[in-house]
Amino acid sequence: MLQEGNDKKNSLCKSSLKEKLIVALDLNDIDEVREFLNKVGDNVKILKVGMRLFTKYGPKFIKELKEKGYEIFLDMKYHDIPNTVMTACKEAAMLGIKMMTIHAIGGSSMCKAAVEGASVGAKISGNSVPIILGVTVLTSMDEEALKEVGVENTVEDEVLNLAKMVVENGATGIVCSPLEVKKLKSSIKKEFVAITPGIRLENDSKDDQKRVATPESAILDGADFLVMGRSIYKASDPKSVLNKIYGN
Ligand code: C5P
């Protein structure tokens, strides 16, 4: 009976995985990106562009990806004084992106300014307001690293503090580890979108990720979107990996 329930849940979550999967384009250059996109076509809907490729190619790159039909997660992790972040978020929203990141450590004023900037940019350009995602504690930081920057909290407490703070100040989402998502969803009363990197299929290499989960378990724990990079773009046949993820 329990097994039957779990099977049903698993097939339900697999059926919508294509809508929830974000592929991180952590590639070297635009030629590698084009080659990858030729292989996967419309089997991927959302692409994450990070600071490397955005710094290299700028808004023209976003435009090219959008013209190919993809939705964009712009992962620049903005962190500066509120006015500077507000104007950057306004420009980002004018690109017509689906979601973007700010560092929660920038505080409540910076978070409010980011949300305001994104709303203004969306209004001026006629685009939808992007989901503003707060990045809490980087997964590369442990308690020792937090101490170095003057934070005495445990990683877990600091993640919850920062997540609560940004959601209370208008951020519509959080980037978190798949192992944190259940606790955040139950502890934060306001609704928010949870996005989890650190996703691996069973038997995949973990690479440098320390705390990983499978797509199904992240979704069952409350993740709304999953970020996957190397397991997909490094595969010799990425389409077959995607089919495995989608349960085809
Ligand atoms: O290749 P892999 O699947 O590990 O890629 C995960 C992606 O998610 C990378 O782009 C990485 O920068 C990003 N990310 C992460 N952990 C965070 C925030 C972002 O792995 N806490």
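Now for a look at the structure at hand.

Basis of the calculations
Numbering of residues begins from 1 in every chain and follows the order in which that chain's sequence is written. Note on the predicted model: pLDDT of at least 70 is required for a residue's local features to be given, and 80 or more for side-chain atom pairs to be given and counted; whole-chain, interface and lining totals, by contrast, use all residues. Side-chain figures throughout are based on the complete set of non-hydrogen atoms in the structure, without hydrogens or water. Labels follow the DSSP assignment, with helices taken as runs of H or I lasting at least four residues and strands as runs of E lasting at least two, numbered in each case from the N terminus. Partly exposed residues are those whose accessible area sits between 20% and 50% of the maximum for their type, while under 20% is buried and over 50% is exposed, using a 1.4 Å probe and protein chains only. As used throughout, the charge tally considers Lys and Arg to be positive and Asp and Glu to be negative, leaving His and the chain termini uncounted. For salt bridges, the criterion is a side-chain nitrogen of Lys or Arg within 4 Å of an Asp or Glu carboxyl oxygen. Distance and chemistry together define a polar contact, namely a pair of N or O atoms within 3.5 Å, with one atom able to donate a hydrogen and the other to accept it when in protein, and with adjacent residues in sequence counting only for side-chain atoms on both sides. By definition in these notes, contact holds between two residues if any of their heavy atoms fall within 4.5 Å. Nearness here has a simple test: a residue counts as near a molecule or strand if at least one of its heavy atoms is within 4 Å of that partner. In this description, accessible areas are obtained by the Shrake-Rupley approach with a 1.4 Å probe, and a residue is regarded as covered only by the protein chains that are shown. Classification used: nonpolar for Ala, Val, Leu, Ile, Met, Phe, Trp, Tyr, Cys and Pro, charged for Asp, Glu, Lys and Arg, polar for all others including Gly. In this context, the arc is that of the directions from the helix axis out to the C-beta atoms. Only Phe, Tyr and Trp rings take part, Trp by its six-membered ring, and two of them pair if their centres are within 6.5 Å. Stacked means planes under 30 degrees apart, edge-to-face means over 60, and tilted covers everything else. Only lysine NZ and arginine CZ atoms are considered, and such an atom sits over a ring when it is within 6 Å of the ring centre and within 35 degrees of the ring normal. Any two strands with at least two DSSP-identified bridges between them are counted as paired. To get an axis, a line is fitted to the C-alpha atoms, and for a helix only the part in contact is used. The angle between two axes follows their N-to-C directions and goes from 0 to 180 degrees. Patch definition: residues with relative accessible area over 30% and no salt bridge; like charges joined within 9 Å; nonpolar side chains (Val, Leu, Ile, Met, Phe, Trp, Tyr) joined within 5 Å. The scheme is simple: roughly parallel for angles under 35 degrees, roughly antiparallel for over 145, roughly perpendicular for 65 to 115, oblique for anything else.

1. Re the side chain of Glu158
Position of Glu158 among the secondary structure elements: in helix H9 (residues 155–168). Within the buried set, Glu158 has no salt-bridge partner at all; the shortest N-O distance to an opposite charge, 12 Å, is to Lys183. A polar side-chain atom of Glu158 sits 2.9 Å from a polar atom in the side chain of Asn153. Other than its neighbours up to four places away in sequence, Glu158 contacts Ile105, Val137, Leu146, Val151 and Asn153.

2. A word on the site of the ligand
What surrounds the ligand is the set Ala24, Asp26, Lys48, Thr139, Pro197, Arg200, Gln209, Val227, Met228, Gly229 and Arg230. A distance of 2.7 Å is found between an oxygen atom of the ligand and a side-chain nitrogen or oxygen belonging to Asp26. Measuring from an oxygen atom of the ligand, one finds a backbone N or O atom of Gly229 at 2.8 Å. For the ligand, whose free accessible area comes to 470 Å², the fraction covered by protein is 84%. Considered class by class, the residues forming the shell around the ligand number four nonpolar, three polar and four charged.

3. Quick notes on helix H13 (residues 238–246)
Among all positions in H13, only Pro238, Val241, Leu242, Ile245 and Tyr246 are buried. Across the axial projection of H13, the buried residues extend over an arc of 135 degrees, all falling on one side. Within two residues after H13, Gly247 carries a phi angle of roughly 75 degrees, on the positive side.

4. Here we look at the packing of aromatic side chains
Taken as a whole, this structure holds one aromatic pair when the rule is applied. Centroid distance Tyr57 to Phe61: 5.6 Å. Interplanar angle 45 degrees. Geometry classified as tilted. You can call Tyr57 partly exposed: its relative accessible area is 25%. A cation over an aromatic ring shows up here: Lys48 above the ring of Phe73, its NZ or CZ 6.0 Å from the ring centre. Over the face of the ring belonging to Phe192 we find Lys185, whose NZ or CZ atom lies 5.2 Å from the ring centre.

5. Some points on the sheet that holds strand S4 (residues 99–103)
Reading around the barrel, the eight strands line up as S1-S2-S3-S4-S5-S6-S7-S8 and close back on themselves, with parallel pairing between neighbours. Each strand of the sheet is rotated relative to its neighbour by a mean of 25 degrees, with strand direction disregarded. As paired strands, strand S3 (residues 71–78) and S4 are joined by three bridges and run parallel to one another. What sits directly across from Leu74, in S4, is Met100. Along the sheet, helix H6 (residues 82–94) contacts S3 and S4; its crossing angle with S3, the most-contacted strand, is approximately 165 degrees.

6. Some words on a nonpolar patch on the surface
A cluster of nonpolar side chains, namely Met94, Val120 and Ile124, defines an oily patch on the protein surface of about 240 Å² accessible area. Following the sequence through the fold, Met94 ends up in helix H6.

7. Observations concerning the pattern of salt bridges
Evaluation of the coordinates by the stated rule reveals 15 salt bridges. Of the charged contacts in the structure, one is a salt bridge between Asp75 and Lys77, with a shortest N-O distance of 3.0 Å. Under the relative-accessibility criterion, Asp75 is labelled buried at 7%. Via salt bridges that share partners, Asp31, Arg34, Glu64 and Lys68 belong to a single interconnected network.

8. Points about the packing of helix H3 (residues 30–40) against helix H5 (residues 59–67)
Where H3 meets H5, the axes come as close as 13 Å, and the angle between the chain directions of the two elements is 10 degrees. Of the possible angle classes, the one that applies to H3 and H5 is roughly parallel. Between H3 and H5, the contacting residues are Ile30, Val33, Arg34 and Leu37 on the first element and Phe61, Glu64 and Leu65 on the second. Of the residues contributing to the contact of H3 with H5, the split by class is five nonpolar, no polar and two charged.

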